[in-house]
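Report on the structure
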Amino acid sequence: MRSFWRVLSAERLKMSKSHIWLLVIGSPAVAVLLGALANMQEDGQPVTWEVLLSVMSLIHAMLFLPVLSGVFAALICRAEHADGGWKLLLALPVTRTSVYLAKYTMVMVLLAAVQLLFFAVLLGVGLLRGVDAPVPWALLLSSIFGGWLACLPLAALQLAVSQSWNSFGAPLALNVSLTIPNILIANSVTYGPYYPWVQPMLAMSPFGGDRFGAFNLPIQSLMIVVFGSLALFLAAGLLSFWRKAV
């Protein structure tokens, strides 16, 4: 456990010296533009929090969250792929499990920062657009947390690919190529809820009540899909990392 915290602290210091904060603020910045400029007052009806969340989260959750999960995973592994970094890291008194889990935790912390910033700008745009209704805290917080939760298996899969491939660009290209079909797969009742790259968008949908997004998938099914995928991808990534030759 001590080695995990040492590696996590080292990862935090490594990321603090990079310009990764530009990626963290990128998607919320685009969401601000969409929320501020989009026409959401059809037939003179006032803007609601549900409509505002739907407009601002569409591109954010359908495109940026899946892509950022891959970008963060690739950046976390980039230094170790250069100049024998893995050999130097694993020569330290740390276990491979602690190294892998620390990197995964760092990816999820960065995604949490993105979601928290998105939540802040959502509230700000709501005030800017003059939304009169009380803030539906339960709805907004469940959407923000649901989007982050749906990134768990996707981040585990992206980290498994990034630590296996020495190329920085190849995992990113694969991630982007699998994110683009979200536009079509999101409309599929059969495949949409189970496609990792589209799950953040479905989880952040404000329409569905206690069901999972547009497909009315029960919360219990969401947990099975997300945590089942997480266990599979995390175990596969750990197994690959244990066998990794350095």
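Computed from a prediction, not measured in an experiment: that's the story for all the values here.

Reading the values: rules and limits
Residues numbered from 1 in each chain as written. Predicted model: local features only at pLDDT ≥ 70, side-chain atom pairs only at ≥ 80, totals over all residues. Heavy atoms only, no water. Helix = DSSP H or I, 4+ residues; strand = E, 2+ residues; numbered from the N terminus. Rg over C-alpha atoms; globule rule 2.2 N^0.38 Å. Buried < 20%, exposed > 50% of the residue type's maximum accessible area, 1.4 Å probe, protein only. Contact = heavy atoms within 4.5 Å. Areas by Shrake-Rupley, 256 points an atom, 1.4 Å probe, with all protein chains shown as cover. Lys, Arg positive; Asp, Glu negative; His and termini not counted. Charge placed at Lys NZ, Arg CZ, Asp CG, Glu CD. Polar contact = N/O pair within 3.5 Å; in protein donor to acceptor, adjacent residues only side chain to side chain. Patch = residues over 30% accessible without salt bridge, like charges linked within 9 Å, V, L, I, M, F, W, Y side chains within 5 Å. Salt bridge = Lys/Arg side-chain N within 4 Å of Asp/Glu carboxyl O. Disulfide = S-S within 2.5 Å. Core = buried A, V, L, I, M, F, W, Y, C linked by side-chain atoms within 4.5 Å. Axes fitted to C-alpha atoms, helices over the stretch in contact; angles between N-to-C directions. Parallel < 35°, antiparallel > 145°, perpendicular 65-115°, else oblique. Nonpolar A, V, L, I, M, F, W, Y, C, P; charged D, E, K, R; others polar.

**Side note on the overall build of the protein**
- Along its length, the protein carries ten helices and two strands.
- Starting at the N terminus and ending at the C terminus, the protein contains elements arranged as α-α-α-α-α-α-α-α-α-β-β-α.
- On C-alpha atoms alone, the protein measures out to a radius of gyration of 19 Å, which is about the 18 Å that the 2.2 N^0.38 rule sets for 246 residues.
- Burial statistics for the protein: of 246 residues in total, 48% are counted as buried.
- Looking at the protein alone, contacts between residues at least 24 apart form 79% of all its contacts between residues at least 6 apart.
- A total of about 12,000 Å² of accessible surface is found on the protein, and carbon and sulfur atoms cover 70% of it.
- Each charge class in the protein was averaged separately, 13 positive and 8 negative side chains, and the resulting centres sit 24 Å apart.

**Here we look at the side chain of Lys103**
- Relative to the helices and strands, Lys103 resides in helix α5 (residues 96-128).
- A distance of 2.7 Å separates polar atoms of two side chains, one belonging to Lys103 and the other to Glu11.
- Contact partners of Lys103, with chain neighbours within four places excluded, come to Glu11, Lys14, Ile76, Cys77, Glu80, Trp86, Leu89 and Leu159.

**Re the environment of Met56**
- Assignment of secondary structure puts Met56 in helix α3 (residues 49-81).
- The buried category is assigned to Met56, whose relative accessible area is 0%.
- Setting aside residues no more than four positions away along its own chain, Met56 makes contact with Ala31, Val32, Gly35, Phe118, Val121, Leu122 and Val125.

**Looking at the side chain of Gln115**
- Here Gln115 shows up in helix α5.
- Given a relative accessible area of 2%, Gln115 falls into the buried group.
- Ignoring sequence-local partners within four residues, the contact set of Gln115 consists of His60, Leu65, Ser143, Ile144, Gly147, Trp148 and Met204.

**Section: a nonpolar patch on the surface**
- Residues Trp21, Leu22 and Ile25 make up a contiguous nonpolar surface patch of roughly 300 Å² in combined accessible area.
- Among the structural elements, Ile25 can be located in helix α2 (residues 21-37).

**Looking at the state of the cysteines**
- Taken as a whole and assessed by the stated rule, the structure comprises zero disulfides.
- There is no disulfide at Cys151, and the cysteine sulfur nearest it, in Cys77, is 17 Å away.

**Considering the nonpolar core**
- One finds Leu52, Met56, Phe72, Val99, Tyr104 and Leu111 to be the most contacted residues of the largest nonpolar core, which totals 71 residues.
- For this core, the secondary structure elements donating two or more residues are α1 (2-16), α2, α3, α4 (85-90), α5, α6 (137-164), α9 (199-204) and α10 (219-242).
- Each residue touching Leu52, except ones within four places of it in the same chain, is listed here: Gly35, Met40, Val47, Leu122, Val125, Gly126 and Val131.

**Comments concerning the pattern of salt bridges**
- Within the structure shown, the criterion is met by four salt bridges.
- Close ionic contact of Lys14 with Glu11 constitutes a salt bridge, the shortest N to O distance being 3.1 Å. In this pair, Lys14 and Glu11 are both assigned in helix α1, three residues apart and thus about one turn of the helix distant.
- A relative accessible area of 3% places Glu11 in the buried class.
- Residue Glu80 pairs with Lys103 through a salt bridge whose shortest N-O separation is 3.1 Å. Here Glu80 is found in helix α3, whereas its partner Lys103 is found in helix α5, with 23 residues between them in sequence.
- The exposure class of Glu80 is buried, given its relative accessible area of 9%.

**Here we look at the packing of α1 against α3**
- With their axes 11 Å apart at the nearest point, α1 and α3 run at an angle of 95 degrees to one another. With respect to their mutual orientation, α1 and α3 come out roughly perpendicular. Contacts between α1 and α3 involve Glu11, Lys14 and Met15 from the first element and Leu75, Ile76, Ala79 and Glu80 from the second.
- In terms of residue class, the contact of α1 with α3 is made up of four nonpolar, no polar and three charged.

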